[in-house]
Amino acid sequence: MSELSDVVVPGSAQSPRSVAWARRRRAAGEVWAAFRRHRQAMAGLIILLAVTVMALVTPLLADRTGLSAVDSLDNPVWASPSGDFFLGTDNLGRSVAVQFLYGSRTSLLVGVAATMLIVVIGSLVGVIAGFIGGWVDSILMRLSDWFLVIPFLPLAIVLARILGPSIWNIIFVIGVTSWPYVARITRAQVLSLRQRLFVERARALGASRRHIVRQHILPNVAPLILANATLAVPIAILTETTLAFLGLGDSRNPSWGKSLEEAYTAGAITRNAWWYYLPAGIGIIAVVLAFTMCGRALEEILDPRLRERR
Amino acid sequence: MAEPLLSVRDVHVRFASRRGPVHAVAGVDLDVVPGEVLALVGESGCGKTTLIRSILGLVAPTSGSVTFDGHVVGRGHRRLRRLRRSVQMVFQDPTGALNPRHSLYESVAEGLRIHKVEGDEIGLVHDALSRAGLRPAARYAPRYPHEVSGGQRQRALIAGAMALSPRLLLADEPVASLDASIRGEILALMRGLVDDTGVSIVAVTHDLGLAWNIADRIAVMYLGRIVEIGATEDVIGDPQHPYTRALLSVVPELEAMERQILRGETPDPSRVPSGCRFHPRCPVVASGEAERLGILARCTGEDLALAPVPGAAPPDRVHAHLAACHAVSADATITAGGEGSAGATPG
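Everything numeric here is computed off the predicted structure, so don't read it as measured data. (Residues numbered from 1 in each chain as written. Chains lettered and ligands numbered in written order. Predicted model: local features only at pLDDT ≥ 70, side-chain atom pairs only at ≥ 80, totals over all residues.)

Draft legend 1. Summary view of the overall build of chain B. Looking only at helices and strands, chain B features 15 helices and twelve strands. For chain B, whose C-alpha radius of gyration is 21 Å, the value lies close to the compact-globule estimate of 20 Å for 347 residues. Dimensions along the principal axes, computed over C-alpha positions, put chain B at roughly 65 × 40 × 40 Å. Sorting the 347 residues of chain B into buried and exposed places 47% on the buried side. (Helix = DSSP H or I, 4+ residues; strand = E, 2+ residues; numbered from the N terminus. Rg over C-alpha atoms; globule rule 2.2 N^0.38 Å. Buried ≥ 20, exposed ≤ 12 C-beta atoms within 10 Å, placed from the backbone.)

Now the structure itself:
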């Protein structure tokens, strides 16, 4: 209790808002402190920061013309890494390093944007189904069953084919096919929260559904959704890789998945041109691993059952 | 006589369960006048908690009416909202009833915010906290439920209820989850609130001894019905129903009574016995007393309602001493025809 004293300002100078904000700051500070103590989490965070910075400064490092086969006609083909070409060139003479840099932008964008879509749809459906219940719940859960039961890859392929190859369509496809997992987890949590006594107390106080959801349900499912979101990013990145590898990616934007596909079709593996496929592969593994490490750590820190009592 | 603040008329609550319909509350009439403490006593599963939850509309009564302050309580959020400002509830488990992510301040202020109470929120919250015994309020307000003791949590819960200046407080086993040493303090606090603010309290408890300590009136419930009701001194001093006597006989403070340990659990409310619902466990029936009085057939076959206890002159409708027992009325006929000694009790 001693750490309490430095938070408590004697007298009643605090306004309710400032009390609430102080609490949030304190909670966030505690999570951050636990996060910093977590080795894996910090390793993941450093990798993510590095990749994000790399993706952001890419336009300063390399010109987009390096992605064009026409502009690369003068370059040697299948050149191994050298001073001129840091990561060598591909079968068309394009710089692998430039493709890698631009690919990181696509992969990160798809990973983060698709995850946001998954989280928004999934948590919305989960909260509505769990809180309202009844026939609304039945309909929403049958719908999510439908998405869960249909084999994911064929559905994604069909959707990507119909909608056409653009990066936003890829994001959309990943979003609409992956939300049921988040919806299920959120709904389960909401169902258990709804039975909690403090929700009944709020009802007895005359609270509206809106108040109960905003004050009691959402703050208690938010950590779970956050942890799941960080775990959904790798799935989205891998899905983008899969779709790009199958030739359903955006032909104008290079991505790590597309690099792998092009390396594969160009015969980089038989030519032993490791510099063509390894960077993209390692990039995917590193980002996926980093998100997973952060996600697992967050899950551990935010789950009260896994956390020692404050 | 004061007009009743709360009137419950013939309220039934039925639930569907896997084994068929459960009749948790089976026709209850109850009046609460301003400024009184009514204790609702009975074993686990007798429907007392369901009854007070139905008063607040937390479970919808299957039939019957609840009137608060002259207005029949309707259904639906809008109508219940007004009721839920004047009627507050205190829960058995203060740990579960406080959101672990909210400070005591936020929990107490919640009702004020829901009802958009005008005025100085901080002042109202701190005032409620200090009235509930959490002093100095500024020190307790920013704390979280896990940072204070169980008794302090219950005080915070009471503060949250009293912040809205309710006219009726429904307390569901308010001290059952607390240490014996803290129970007395919480009960004294509740009694003090009645004296200071004129609030009425309906306290649900399974402990007649506790009811004796704080209640002005006691209602004893058995299997969804009130079987005896009256002023505390009448019910404790002159219990009429065999069930009340059995409950009283095991209160340690009342050593004079011969102990009667009731056999069996509370019967299953999905299968209510015929006749008087207490007869399978009734000591009057088991001892052969009912047969001697010639009422055995009525005990096992004839349902009955509350009736005024003979002898005592009822002060008024609300405060009358009522019991639902064939033996009480049968005995009354005998005493009325015979020696006429008031206070004679069967068994």
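Draft legend 2. Examining the overall build of chain A more closely. When helices and strands are tallied, chain A shows eleven helices and zero strands. Listing the helices and strands of chain A from first to last along the sequence gives α-α-α-α-α-α-α-α-α-α-α. For the C-alpha atoms alone, the extent of chain A along its principal axes is close to 75 × 50 × 30 Å. Relative to its 310 residues, chain A shows a buried fraction of 38%. Taking the intrachain contacts of chain A between residues at least 6 apart in sequence as the baseline, contacts between residues at least 24 apart amount to 70%. (Contact = placed C-beta atoms within 7 Å.)

Draft legend 3. Layout of the sheet that holds strand β1 (residues 6-17) of chain B. Residue and element names in this part refer to chain B. Pairing within the open sheet is antiparallel, and its four strands lie in the order β2-β1-β4-β5. Strands with a single pairing partner mark the edges of an open sheet, and in this sheet they are β2 (20-32) and β5 (71-72). Sheet topology places β1 next to β2; ten bridges connect them, and they run antiparallel. Pairing of His12 across the sheet is with Ala26, part of β2. (Pairing = 2+ DSSP bridges.)

Draft legend 4. Expanded view of helix α9 (residues 209-245) of chain A. All names here are of chain A. In this model, α9 (37 residues) spans only 46 Å end to end at C-alpha, well below the 54 Å of a helix rising 1.5 Å per residue. Its maximal kink placed at Leu218, α9 deviates by approximately 45°, while the proline Pro219 follows within four residues. Of the residues flanking the end of α9, it is Gly247, one or two places downstream, whose phi is positive at about 85°. (Expected span 1.5 Å × (residues − 1). Bend = angle between axes of the 7 residues up to and from the residue.)

Draft legend 5. Geometry of helix α4 (residues 96-132) of chain A. Residue and element names in this part refer to chain A. End to end, α4 covers 52 Å across 37 residues, agreeing with the expected 54 Å (1.5 Å per residue, within 8%). Most of α4 is tucked away: 26 of the 37 residues are buried. Of the residues one or two after α4, Gly133 is the one with positive phi, at around 70°.

Draft legend 6. Quick look at the confidence of the model for chain B. All names here are of chain B. For chain B, the average pLDDT comes to 85, and 92% of its residues sit at 70 or higher. Across residues 334-347, where pLDDT falls below 50, the model places 19 contacts with residues more than four positions away in sequence or in other chains. The complex prediction reports pTM at 0.77, with the ipTM value standing at 0.85. (pLDDT = per-residue confidence, 0-100.)

Draft legend 7. How the structure looks around the environment of B:Arg191. Along the chain, B:Arg191 turns up in helix α8 (residues 180-197). The spacing of B:Arg191 and B:Glu36 is 155 residues in sequence and 9.5 Å in space, taken between C-alpha atoms.

Draft legend 8. Here's a closer look at the sheet that holds strand β6 (residues 87-90) of chain B. Residues and elements named next belong to chain B. Pairing is mixed across the open sheet formed by eight strands, whose spatial order is β6-β7-β8-β3-β9-β10-β12-β11. Among the strands making up the open sheet, the edge pair consists of β6 and β11 (307-308). Strand direction decides the pairing type here: strand β3 (residues 37-41) and strand β9 (residues 217-222), joined by four bridges, are parallel. For Leu40, the partnering residue across the bridge sits in β9 and is Ala219.

Draft legend 9. Geometry of unusual backbone geometry. Residue and element names in this part refer to chain B. With an omega of -5°, the peptide bond between Arg135 and Pro136 qualifies as cis. Relative to the assigned elements, Pro136 resides in the loop between α5 (121-131) and α6 (137-140). In this structure, Glu173 takes a positive phi of about 45° despite not being glycine. Position of Glu173 among the secondary structure elements: in the loop between β7 (168-172) and α8. In this structure, Leu223 is a non-glycine residue whose phi angle is positive, near 50°. Here Leu223 falls in the buried class, since 24 other C-beta atoms lie within 10 Å of it.

Draft legend 10. Just the pairing of β6(B), in detail. Residue and element names in this part refer to chain B. Because side chains alternate across β6, one face comprises the buried residues Val87 and Met89, and the other comprises Gln88 and Val90, equally buried. One ladder, built from four bridges, connects β6 with β7; its direction is parallel. Directly across from Val90, in β7, lies its bridge partner Ala171.

Draft legend 11. Expanded view of the packing of helix α10 (residues 256-265) of chain A against helix α11 (residues 274-302) of chain A. All names here are of chain A. The N-to-C vectors of α10 and α11 enclose an angle of 150°; their axes lie 9 Å apart at closest approach. In terms of axis orientation, α10 runs roughly antiparallel to α11. Where α10 crosses over α11, the handedness of that crossing is left-handed. Across the interface between the two elements, Trp256, Ser259, Leu260 and Ala263 from α10 touch Tyr276, Tyr277, Ala280, Gly281, Gly283 and Ile284 from α11. Among the residues forming the contact of α10 with α11, the class breakdown is seven nonpolar, three polar and no charged. (Axes fitted to C-alpha atoms, helices over the stretch in contact; angles between N-to-C directions. Parallel < 35°, antiparallel > 145°, perpendicular 65-115°, else oblique. Left-handed = near helix turned anticlockwise from the far one by under 90°. Nonpolar A, V, L, I, M, F, W, Y, C, P; charged D, E, K, R; others polar.)

Draft legend 12. Fine view of the environment of B:Gly224. Residues and elements named next belong to chain B. Tracing the sequence through the fold places Gly224 in the loop between β9 and β10 (225-231). Along the chain, Gly224 and Ala26 lie 198 residues apart, while their C-alpha atoms are 4.9 Å from each other. Aside from chain neighbours lying at most four places away, what touches Gly224 is His23, Ala24, Val25, Ala26, Cys46, Gly47 and Pro269.

Draft legend 13. Here's a closer look at the packing of α4(A) against helix α7 (residues 167-194) of chain A. All names here are of chain A. Where α4 meets α7, the axes come as close as 5 Å, and the angle between the chain directions of the two elements is 35°. Crossing of α4 against α7: the hand is right-handed. Looking at the contact of α4 with α7, its residues break down into 22 nonpolar, eight polar and two charged.

Draft legend 14. Layout of the confidence of the model for chain A. Residues and elements named next belong to chain A. Of all residues in chain A, 91% have pLDDT values of 70 or greater, and the mean over the chain is 84. Per-element confidence in chain A ranges from a low mean pLDDT of 40 for helix α1 (residues 2-5) to a high of 93 for helix α8 (residues 197-204). Here residues 1-13 is modelled with pLDDT under 50, and outside its nearest four sequence neighbours on either side it reaches 13 contacts, counting other chains as well.

Draft legend 15. Layout of the environment of A:Val173. Residues and elements named next belong to chain A. Note that Val173 resides in helix α7. Along the primary structure Val173 and His38 are separated by 135 residues, whereas in three dimensions their C-alpha atoms are 34 Å apart. When sequence neighbours within four positions are dropped, the list of residues in contact with Val173 reads Ala156, Leu159, Ala160 and Leu163.

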